[in-house]
Amino acid sequence: MNRGFFEHIRFSLCSEVDKMLEQKSYIFRVIFFLVINFGALALGGLLQGKGAFTGWYADLNKAPWTPPGWVFGAAWFTIMFCFSFYMASLTGKGSKLVLVLFAIQFLLNVSWNPIFFKFHQVLLGLIVITTLTVLMAFFGIKYWSDLKLKSLLVLPYVIWLCIATSLNAYILFKNPV
């Protein structure tokens with residue numbers, strides 16, 4: 001037998017093993033980010049107290065475009081599902097900056113709930129959610145060249161944050177301090 005033939009077989013097998021390991025690594029990253037992202041939603045919910053079910057929130061003058069309550073749950077489910085796949089794809093590139101930005105996103109996302117709902121700090125909430133919106137838009141723009149169409153997975157997050165920022169701003173400007 002030809003030595004080149006065995007080299008070709010070995011190279012092909014190694015290549016297939018590498019593909020399988022990469023697929024397993026990607027699946028692990030997806031699961032990891034699903035747990036972290038949905039954990040962030042749960043933590044934010046715990047920290048907000050009674051949230052939208054308080055008299056304070058009920059008495060606020062809210063924007064006419066405020067969606068019904070069930071939309072928030074459906075939106076955040078979709079956002080975190082898509083964002084988990086986005087982060088799994090992005091972290092496969094090995095950038096430490098990505099993890100730092102993700103950690104900042106996590107802190108901003110979780111902290112907005114108690115800032116706004118529990119402590120009624122509407123201005124600080126607007127600053128936090130605006131910062132989060134800019135950060136998520138930065139994610140989509142900065143990593144477009146790496147992820148191409150997968151970058152669209154961050155779009156639901158950015159769109160929802162634009163809506164949520166407008167709702168927060170309306171409450172700030174249309175309610176007495």
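What you see is a predicted model; the values in this text were computed from it and never measured.

**Describing the overall build of the chain**
1) Next: Across its full length, the chain carries seven helices and zero strands.
2) Next: Helices and strands in the chain line up, N terminus first, as α-α-α-α-α-α-α.
3) Next: Within the chain, buried positions represent 38% of all 177 residues.
4) Next: Looking at the chain as shown, the accessible area adds up to about 10700 Å², and 74% of this sits on carbon and sulfur atoms.

**Examining the environment of L90**
1) Next: Relative to the helices and strands, L90 is located in helix 3 (residues 69-91).
2) Next: By relative accessible area, L90 is classed as buried at 0%.
3) Next: A sequence separation of 56 residues divides L90 from D146, and the C-alpha atoms of the two residues are 7.8 Å apart.

**Quick look at helix 4 (residues 96-118)**
1) Next: For helix 4, built from 23 residues, the straight-helix expectation of 33 Å at 1.5 Å per residue is met to within 8% by its first-to-last C-alpha distance of 33 Å.
2) Next: The sharpest bend along helix 4 reaches about 30 degrees and sits at S111, with the proline P114 one to four residues further on.
3) Next: At the N-terminal boundary of helix 4, the capping side chain belongs to S95, with an oxygen 3.3 Å from the backbone nitrogen of L97.

**Digging into the nonpolar core**
1) Next: Core analysis: the largest hydrophobic core is formed by 38 residues, its most contacted members being F83, Y86, M87, M136, F139 and Y157.
2) Next: Among the elements that line this core, the one with the most residues is helix 3, at nine residues.

**Regarding unusual backbone geometry**
Glycine aside, the phi torsion of most residues is negative, and most peptide linkages are trans.
1) Next: For H120, which is not glycine, the phi torsion reads 55 degrees and is therefore positive.
2) Next: Secondary-structure assignment places H120 in the loop between helix 4 and helix 5 (122-142).
3) Next: The backbone of K148 shows a phi angle near 50 degrees, a positive value even though the residue is not glycine.
4) Next: Mapped onto the fold, K148 is located in the loop between helix 6 (144-147) and helix 7 (155-174).
5) Next: Here K148 falls in the partly exposed class, since its relative accessible area comes to 47%.

Basis of the calculations
- Residues numbered from 1 in each chain as written.
- Predicted model: local features only at pLDDT ≥ 70, side-chain atom pairs only at ≥ 80, totals over all residues.
- Heavy atoms only, no water.
- Helix = DSSP H or I, 4+ residues; strand = E, 2+ residues; numbered from the N terminus.
- Buried < 20%, exposed > 50% of the residue type's maximum accessible area, 1.4 Å probe, protein only.
- Areas by Shrake-Rupley, 256 points an atom, 1.4 Å probe, with all protein chains shown as cover.
- Expected span 1.5 Å × (residues − 1).
- Bend = angle between axes of the 7 residues up to and from the residue.
- Polar contact = N/O pair within 3.5 Å; in protein donor to acceptor, adjacent residues only side chain to side chain.
- Core = buried A, V, L, I, M, F, W, Y, C linked by side-chain atoms within 4.5 Å.

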